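Architecture at a glance
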Amino acid sequence: MTGSRADIFEVVYKIPKGKVATYGQVAALAGFKANEARQVGYALAALSEHSAIPWHRVINAKGTIALKGGPDATQRIRLEKEGVKFGAGGKIDLKRFGWTPEEESA
DNA sequence: AGCCTGACTCCTA
DNA sequence: CTAGGAGCCAGGC
């Protein structure tokens, strides 16, 4: 974790299916300090649609989808397909779907 | 080469 | 609940 975009992608790539992580969580794991989430958002925004990165598993600190794509947001659709449920207001229950790096920290 | 924009988060009022 | 400000990087024109 040198604190570069590449690290962000690796962390995101490690997020297991059916789970989600917040920008701040990913940023922290990637080795970021301040302005954490910003760079994560920019990095993901800059990656290609064909990327192997499960960027849709990355959401904001409020537990809601970051990208605004409307009711047909690709991010939300993909998450629902993976088993992630959205509550009222499109909020995800981080208590249930929040990714815990500890189980992957092996 | 420079300027503008954008998928965040936190704090305070 | 909403509104505003600070702090960072990369891509597109």
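Placed above this text is the structure.
In short, a report on the structure. In this text, all values refer to a predicted model and were calculated from it rather than measured experimentally. (Residues numbered from 1 in each chain as written. Chains lettered and ligands numbered in written order. Predicted model: local features only at pLDDT ≥ 70, side-chain atom pairs only at ≥ 80, totals over all residues. Heavy atoms only, no water.)

**Points about the environment of Val26**
Looking at the element boundaries, Val26 is found in helix 2 (residues 23-29). For Val26, a relative accessible area of 0% puts it in the buried group. Along the sequence, Val26 and Glu36 sit ten residues apart, while their C-alpha atoms lie 8.6 Å from each other. Leaving out residues up to four positions away in the same chain, Val26 has contacts with Ile8, Val11, Val12, Ile15, Ala21, Val40 and Val58. (Helix = DSSP H or I, 4+ residues; strand = E, 2+ residues; numbered from the N terminus. Buried < 20%, exposed > 50% of the residue type's maximum accessible area, 1.4 Å probe, protein only. Contact = heavy atoms within 4.5 Å.)

**Thoughts on the protein's contact with DNA strand B**
Near DNA strand B, the surroundings consist of 13 residues, among which Arg38, Leu44, Ala45, Asn60 and Ala61 are the closest. Backbone atoms, meaning sugar plus phosphate, form 39% of the atoms of DNA strand B positioned within 4 Å of the protein. Side-chain polar atom of Tyr23 to a base nitrogen of DNA strand B: 3.0 Å apart, as the coordinates give it. For the surface near DNA strand B, the element with the highest residue contribution is helix 3 (residues 36-46), accounting for six residues. Looking at the surface near DNA strand B residue by residue, the class counts come to ten nonpolar, two polar and one charged. (Near = heavy atom within 4 Å. Polar contact = N/O pair within 3.5 Å; in protein donor to acceptor, adjacent residues only side chain to side chain. Nonpolar A, V, L, I, M, F, W, Y, C, P; charged D, E, K, R; others polar.)

**A few points about the protein's contact with DNA strand C**
Residues in close proximity to DNA strand C include Arg5, Asn35, Arg38, Gln39, Tyr42 and Ala46, which together make up its full environment. Near-protein atoms of DNA strand C (within 4 Å) split between backbone and bases, with sugar and phosphate holding 60%. Within the side chain of Arg38, one N or O atom sits 3.1 Å away from a base oxygen of DNA strand C. By residue class, the composition of the surface near DNA strand C is two nonpolar, two polar and two charged.

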